[in-house]
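Chain by chain, the residues run as shown.
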Amino acid sequence: MTLGITLEAMHALKIGWYLDEPFETRRLMWTLAHTHGTLLALVHAAFAFTIHVLPPNSTRRRGLVSPLLVAASVLMPGGFFLGGFFIYSGDPGLGVWLVPVGAVCLFTSVLVTALDLMAGKTRSAD
């Protein structure tokens, strides 16, 4: 929320460090950081709604999913933010390399949750 308000304020105040053409990469990276942070918050909420549906024997795997979601929520938006903070000739900074690591964490957490949900449905059908 704070990043979104800050981005909107920079637009409203016409801050050149954010809006000028040489900083288009910064604007894109920071917009991506804000968007991914917002969407990952919704993924956290969706995971919270699945907790009561997961089978009881998935407790150990469930303990893995939450830290992976937290890691993804830090690494993906953080990577985009850092990538936009330091720009090299129109390319994002090295911080953008955190994004794929966060993406793997997110993919793994969603995959484990989906597999547990499918396992719970097949057991309830039996």
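The structure this text deals with has already been given above.
Numbers given for residues are sequential positions, taken from 1 along each chain in its written order. Residue-level local features of this predicted model are given only where pLDDT is at least 70; pairs of side-chain atoms are given and counted only at 80 or more, and the full residue set underlies all totals for whole chains, interfaces and linings. Only heavy atoms go into the side-chain values, all of them from the structure, while hydrogens and water stay out.

*Asks:* Explain the nonpolar core here, please?
*Replies:* Considering soluble globular proteins, one finds that nonpolar side chains tend to be buried as a cluster. Membership of the largest hydrophobic core is limited to eight residues, which are Leu7, Met10, Tyr18, Met29, Trp30, Ala33, Phe80 and Val99. Numbering of helices and strands runs from the N terminus, with a helix taken as a DSSP run of H or I at least four residues long and a strand as a DSSP run of E at least two residues long. Broken down by secondary-structure element, the contributors of at least two residues to this core are α1 (2-12) and α3 (24-50). A contact between two residues is defined here by any heavy atoms of the two lying within 4.5 Å. In this view, Phe80 contacts Met29, Trp30, Leu32, Ala33, His36, Val96 and Val99; residues no more than four positions away in its chain are not counted. Buried Ala, Val, Leu, Ile, Met, Phe, Trp, Tyr and Cys residues that are joined via side-chain atoms within 4.5 Å together make up what is termed a nonpolar core. Think of it in three bands: residues with accessible area under 20% of the maximum for their type are buried, residues over 50% are exposed, and the middle band is partly exposed, with areas taken using a 1.4 Å probe on protein chains only.

*Asks:* Any chance you could explain a nonpolar patch on the surface here in plain terms?
*Replies:* On the surface, Leu13, Ile15, Trp17, Leu82, Phe85, Phe86, Tyr88 and Leu98 cluster together into a nonpolar patch covering about 750 Å² of accessible area. On the secondary structure map, Leu82 appears in helix α4 (residues 59-85). Since its relative accessible area comes to 36%, Leu82 is described here as partly exposed. For patches, a residue must show more than 30% relative accessible area and have no salt bridge; joins then use 9 Å for like charges and 5 Å for nonpolar side chains, namely Val, Leu, Ile, Met, Phe, Trp and Tyr. Computed by Shrake-Rupley with a 1.4 Å probe, the accessible areas treat only the displayed protein chains as cover when residues are assessed. Put simply, a salt bridge is a Lys or Arg side-chain nitrogen that is within 4 Å of an Asp or Glu carboxyl oxygen.

*Asks:* Explanation requested: the packing of aromatic side chains in the structure shown.
*Replies:* Working definition: an aromatic ring pair is given by the centre-to-centre distance plus the angle between the planes. Working definition: a ring pair exists when centres of Phe, Tyr or Trp rings (six-membered ring for Trp) sit within 6.5 Å. Plane angles under 30 degrees give stacked, over 60 give edge-to-face, the rest tilted. In total, this model carries four aromatic pairs according to the counting rule given. Residues Trp30 and Phe81 carry aromatic rings whose centres are separated by 5.1 Å and whose planes lie at 15° to one another, so their mutual orientation is stacked. Remark: Phe81 occurs in helix α4 and Trp30 occurs in helix α3; sequence separation between them is 51 residues. Since its relative accessible area comes to 3%, Trp30 is described here as buried. Residue classification places Phe81 among the partly exposed positions, given a relative accessible area of 29%. Arranged with centres 6.0 Å apart and planes meeting at 40°, the rings of Phe81 and Phe85 form a pair that is tilted. Highlighted residues: Phe81 and Phe85, both in helix α4, separated by four residues, approximately one helical turn. Members of the aromatic cluster, joined through ring pairs, are Trp30, Phe81, Phe85 and Phe86. Just above the ring of Trp30 sits the side chain of Arg26; from NZ or CZ to the centre is 5.8 Å. Consider the ring centre and the ring normal. A charge sits over the ring if Lys NZ or Arg CZ is within 6 Å of that centre and within 35 degrees of that normal.

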